[in-house]
Amino acid sequence: MKISSKMKKALNDQVTLEASASNSYLAMASWCEVTGYQGAANYFYAQSDEERTHMLKVVHYLNALGAVAIIPAIKSPGSSYKSLEGLIKTALKNEQIVTAAIHKMVEIAQKEKDHSTYAFLEWFVNEQVQEETKFETILQKFDLLGRDKLGINEIDKFLAVDAAAPSEPAM
Ligand SMILES: [Fe+2]
Ligand SMILES: [Fe+2]
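Residues numbered from 1 in each chain as written. Chains lettered and ligands numbered in written order. Predicted model: local features only at pLDDT ≥ 70, side-chain atom pairs only at ≥ 80, totals over all residues. Heavy atoms only, no water.

Student: So what exactly am I meant to see when it comes to the overall build of the protein chain here?
Tutor: From N to C terminus, the protein chain includes 5 helices and 0 strands. Against the compact-globule benchmark of 16 Å for 171 residues, the protein chain has a radius of gyration of 17 Å, which places it among compact chains. Projected onto its principal axes, the C-alpha coordinates of the protein chain cover approximately 55 × 30 × 25 Å. In the protein chain, which comprises 171 residues, the share counted as buried stands at 44%. Partitioning the contacts of the protein chain with sequence separation of at least 6, the portion at a separation of at least 24 is 79%. Looking at charge distribution, the protein chain has the averaged site of its 18 positive side-chain charges lying 7 Å from that of its 22 negative ones. (Helix = DSSP H or I, 4+ residues; strand = E, 2+ residues; numbered from the N terminus. Rg over C-alpha atoms; globule rule 2.2 N^0.38 Å. Buried < 20%, exposed > 50% of the residue type's maximum accessible area, 1.4 Å probe, protein only. Contact = heavy atoms within 4.5 Å. Lys, Arg positive; Asp, Glu negative; His and termini not counted. Charge placed at Lys NZ, Arg CZ, Asp CG, Glu CD.)

Student: I'm lost on the packing of helix α1 (residues 5-35) against helix α2 (residues 38-64) in this one. Help?
Tutor: Two quantities define a packed helix pair, namely the angle between the axes and the distance from one axis to the other. Remark: α1 packs on α2, axes separated minimally by 8 Å, with the N-to-C direction vectors making an angle of 165°. With respect to their mutual orientation, α1 and α2 come out roughly antiparallel. Considering only the axes of α1 and α2, their crossing is left-handed. Partitioning the contact of α1 with α2 into residue classes produces 18 nonpolar, 8 polar and 5 charged. (Axes fitted to C-alpha atoms, helices over the stretch in contact; angles between N-to-C directions. Parallel < 35°, antiparallel > 145°, perpendicular 65-115°, else oblique. Left-handed = near helix turned anticlockwise from the far one by under 90°. Nonpolar A, V, L, I, M, F, W, Y, C, P; charged D, E, K, R; others polar.)

Student: Just checking my understanding: could you explain the side chain of Q128 for this structure?
Tutor: Relative to the elements of secondary structure, Q128 occurs in helix α4 (residues 115-145). Only 3.0 Å separates the side chain of Q128 from the side chain of T99, close enough to count as a polar contact. Q128 has contacts with E95, V98, T99 and I102, leaving out every residue within four places of it along the chain. (Polar contact = N/O pair within 3.5 Å; in protein donor to acceptor, adjacent residues only side chain to side chain.)

Student: Sorry if this is basic, but what is going on with the coordination of the iron ion (ligand 2) here?
Tutor: Tetrahedral metal sites with four donors have an ideal angle of 109.5 degrees; octahedral sites with six donors have ideal angles of 90 or 180 degrees. Within the first shell, the iron ion (ligand 2) binds the protein through E51 (OE), E95 (OE), E95 (OE) and E131 (OE), at distances of 1.8 to 2.5 Å. Bound by 4 donor atoms, the iron ion (ligand 2) shows angles of 54 to 146° at the metal and therefore irregular coordination geometry. Every donor residue of the iron ion (ligand 2) comes from the same chain, spaced as E-x43-E-x35-E. If you look at the iron ion (ligand 2) and the iron ion (ligand 1), they sit 3.3 Å from each other and are both ligated by E51. One end of the pair, E51, is in helix α2; the other, E95, is in helix α3 (residues 84-111), and 44 residues separate them in sequence. No difference in accessibility class separates E51 from E95, as the two residues are buried. (Donors = N, O, S within 2.8 Å, 3.2 Å for Na, K, Ca; no water. Tetrahedral: all angles 85-135°; square planar, octahedral: opposite > 155°, others 65-115°.)

Student: When you look at the layout of surface pockets in this model, what are you seeing that I'm missing?
Tutor: Picture a little ball the size of a water molecule; that probe, rolled over the atoms, points out where space is still empty. Here the largest pocket is characterised by a volume of approximately 210 Å³. If you go around the largest pocket, the residues you meet are L17, S20, A21, N23, S24, I74, K75, P77, N94, I97 and V98. Counting only elements with at least two residues in the lining of the largest pocket, the list comes to α1 and α3. (1 Å grid on protein atoms, 1.4 Å probe; cavity = no way out; pocket = protein on both sides within 12 Å on 5 of 7 lines; lining within 4 Å. Points joined across faces, edges and corners; volume = space filled by probe spheres on them.)

Student: Can you help me understand unusual backbone geometry in this one?
Tutor: A negative phi holds for most residues other than glycine; trans holds for most peptide bonds. Although it is not a glycine, V68 sits at a positive phi angle of roughly 65°. The residue K113 is not glycine, and still its phi comes out positive at about 50°. Along the chain, the position of K113 falls in the loop between α3 and α4.

Student: Explanation requested: the coordination of the iron ion (ligand 1) in the structure shown.
Tutor: Within the protein, the atoms that donate to the iron ion (ligand 1) are E18 (OE), E51 (OE) and H54 (ND1), at distances of 2.1 Å. On the basis of relative accessibility, which here comes to 0%, the residue E18 falls in the buried class. The class of E51 is buried, set by a relative accessible area of 1%.

Given below as structure tokens:
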């Protein structure tokens, strides 16, 4: 099976996006850890691992088609954040960028009648709905529980529970 050079480029760009997301969540996890948000740290370490599995899915897909994945260099993510809320807002923004990139690829697949890539991308479309909802739900908690020390401590506990729960949907 062959994919177009346009699709190949888009998929390789996605490898970069997923790798960047993994790196950026790793930086967030580390910041949370040193700031004393242990639940949030565990949560973002797990998110970082998840993004790496997303990256690998695309790498394996490209390689299986003989299109050959390009392993990219990743820019250093920011490493200091003003607050846990700000950090989660940044995470949501990143996810929205990833969603837009995936939707763009779906459109290319539709236009090119590339049914295999279209089917491959379906998992990512669903995953992004979950990813955005996840961060929106956490952001809501700042309004519900408050932004004082007690509120943030509750949110950190919520994230600790979430980090311990498996969240990857089955392939
Ligand atoms: Fe991802
Ligand atoms: Fe994600």
